[in-house]
Amino acid sequence: MKTTIDIHDELLARAKRLAKETGQPLRAVVEDGLRLVCDSTPASGYSLPDLRCGDPNAPDPLAKYTWPELRELIYGDAGTR
């Protein structure tokens, strides 16, 4: 896949030198660098805090309503337009 990125001039020069020294195309050097960064970064850097409240075993208070009834409770008259 082709893409366009802006790279600092000095970093690009270093990558080109490395490519020349190793006999690799610049593309391979860039891909290797991206793989290193992606592989060393956790897949999910953030997890949501557990903010649950109430009894998780309690019955669902909304289970007794149909979808039209829930829509009416939430939106009132605006839900029927």
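Definitions and cut-offs
Residues numbered from 1 in each chain as written. Predicted model: local features only at pLDDT ≥ 70, side-chain atom pairs only at ≥ 80, totals over all residues. Heavy atoms only, no water. Patch = residues over 30% accessible without salt bridge, like charges linked within 9 Å, V, L, I, M, F, W, Y side chains within 5 Å. Areas by Shrake-Rupley, 256 points an atom, 1.4 Å probe, with all protein chains shown as cover. Salt bridge = Lys/Arg side-chain N within 4 Å of Asp/Glu carboxyl O. Buried < 20%, exposed > 50% of the residue type's maximum accessible area, 1.4 Å probe, protein only. pLDDT = per-residue confidence, 0-100. Helix = DSSP H or I, 4+ residues; strand = E, 2+ residues; numbered from the N terminus. Contact = heavy atoms within 4.5 Å.

Enquirer: Any details on a nonpolar patch on the surface? Residues and values, ideally.
Expert: Nonpolar side chains collect at one region of the surface, where Leu62, Tyr65, Leu73, Ile74 and Tyr75 lie side by side and expose about 550 Å² of accessible area between them. Of the residues examined, Leu62 reaches a relative accessible area of 47% and is grouped as partly exposed.

Enquirer: Break down the confidence of the model for the protein chain for me, citing the residues and quoting the values.
Expert: When the pLDDT values of the protein chain are averaged, the result is 89; 94% of them are 70 or greater. Ranking the elements of the protein chain by mean pLDDT puts helix α3 (residues 67-75) last, at 92, and helix α1 (residues 9-22) first, at 96.

Enquirer: Any chance you could break down the environment of Ala19 for me, citing the residues and the numbers?
Expert: Mapped onto the fold, Ala19 is located in helix α1. Linking Ala19 and Ser47, residues 28 residues apart in sequence, is a C-alpha distance of 38 Å. In contact with Ala19, not counting residues within four places along its chain, are Gln24, Pro25, Leu26 and Val29.

Enquirer: Requested: an account of the pattern of salt bridges, with residues and values cited.
Expert: Going through the model one piece at a time under the given rule, you end up with five salt bridges. A salt bridge links Arg27 to Glu31; its shortest N-O distance comes to 3.1 Å. Highlighted residues: Arg27 and Glu31, both in helix α2 (residues 26-40), separated by four residues, approximately one helical turn. Judged by its relative accessible area of 58%, Arg27 falls in the exposed class. Glu31 is paired through a salt bridge with Arg35; the nearest N and O atoms lie 3.8 Å apart.

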